[in-house]
Amino acid sequence: MSSVLTPSQTIGPFYWGTVVNTYHCDLAPAGVPGERIEVVLELHDVDGAIVTDGLFELWQANSHGRYNHPDDRRNLPLDAGFEGFGRASTFTDGCARFSTVKPGRVPWPHGGAGGSSLQAPHLNVSIFARGVLNRLATRLYFDGDPALAEDPVLKLVEPARRLTLIARRDEQGAWRLPIHLGGPTETVFFDV
């Protein structure tokens, strides 16, 4: 009897069958207070080609800066109906679309020069894709937000690479961010 190893796989068919064409892309249904926004995430491989079978997960604070999570015990409003979590697969154009409210600023847990510091409004983004062994974690910030200059996480990123985290408005008014899994325009990913 020979001992032949079973070939290993990255995220494979056993996984993709459960998540491709998954949509929970409304993080804040109508009626939740705050500025309504649309977010479009584009997924590209190392060569810049679109990825049609990827998956994005988003996690965010509400417009007041509070997460819908039991560990967020700050005395800020938690809006009825606000989940702050969404998941969507990419379409044939490599994009996933989300509807939500623009998040408020949340504290930086490590403090700042004066003992406290606020992060710029952002969305936490996880990426799952074929060939990716573990989820990739990144952020989406909003172009033109004055808080970007003082965000403690952005300050940790080399200035030339910060643009890979900043979404810009497209012709329809949606916030659009291309995510590149590698190559010369690789998105900044965080070790979380």
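In this text the structure is predicted, and so the values were computed from the model without any measurement.

A look at the overall build of the chain
Part 1 of the reasoning: Helix and strand counts for the chain stand at one helix and nine strands.
Part 2 of the reasoning: The order of α-helices and β-strands along the chain, N terminus first, is α-β-β-β-β-β-β-β-β-β.
Part 3 of the reasoning: Considering the chain as a whole, with its 192 residues, one finds that 46% of them fall into the buried category.
Part 4 of the reasoning: Expressed as a percentage of contacts within the chain between residues at least 6 apart in sequence, the contacts between residues at least 24 apart total 65%.
Part 5 of the reasoning: When the accessible surface of the chain is totalled, it reaches about 10300 Å², and 55% of it is carbon and sulfur.

Concerning the nonpolar core
Part 1 of the reasoning: Membership of the largest hydrophobic core comes to 23 residues, with the highest contact counts inside it found for L41, L43, F56, F98 and L140.
Part 2 of the reasoning: A total of four residues in this core trace back to one element, the largest contributor, which is strand 2 (residues 36–44).
Part 3 of the reasoning: The residues contacting F98, other than those within four sequence positions of it, are C25, L27, I37, E38, V39, L41, F56, L58, G86, R87 and A88.
Part 4 of the reasoning: Core analysis: the next-biggest nonpolar cluster, separate from the first, contains 11 residues, W108, L148, V153 and L165 among them.

What about the packing of aromatic side chains?
Part 1 of the reasoning: Within this structure, the stated rule accounts for two aromatic pairs.
Part 2 of the reasoning: A centroid spacing of 5.9 Å and a plane angle of 10° characterise the contact between W59 and Y67, whose relative ring orientation is stacked.

Topic: the confidence of the model for the chain
When pLDDT drops low, the exact placement of atoms in the prediction is not to be read closely.
Part 1 of the reasoning: Per-residue confidence for the chain gives a mean pLDDT of 88; residues scoring 70 or more make up 85%.
Part 2 of the reasoning: Here residues 8–18 is a poorly scored stretch, pLDDT under 50, and it has 17 contacts once near neighbours within four places are set aside; other chains count.

Points about the pairing of strand 2
Part 1 of the reasoning: Counted residue by residue, strand 2 has seven buried out of nine residues, so it is predominantly covered.
Part 2 of the reasoning: Pairing of strand 2 with strand 5 (residues 95–101) involves seven bridges; the strand directions are antiparallel. Pairing of E38 across the sheet is with S99, part of strand 5.
Part 3 of the reasoning: Relative to strand 9 (residues 175–180), strand 2 runs parallel, the two being bridged by six bridges.

Scoring rules and cut-offs
Residues numbered from 1 in each chain as written. Predicted model: local features only at pLDDT ≥ 70, side-chain atom pairs only at ≥ 80, totals over all residues. Heavy atoms only, no water. Helix = DSSP H or I, 4+ residues; strand = E, 2+ residues; numbered from the N terminus. Buried < 20%, exposed > 50% of the residue type's maximum accessible area, 1.4 Å probe, protein only. Contact = heavy atoms within 4.5 Å. Areas by Shrake-Rupley, 256 points an atom, 1.4 Å probe, with all protein chains shown as cover. Core = buried A, V, L, I, M, F, W, Y, C linked by side-chain atoms within 4.5 Å. Phe/Tyr/Trp six-rings, centres within 6.5 Å; stacked < 30°, edge-to-face > 60°. pLDDT = per-residue confidence, 0-100. Pairing = 2+ DSSP bridges.

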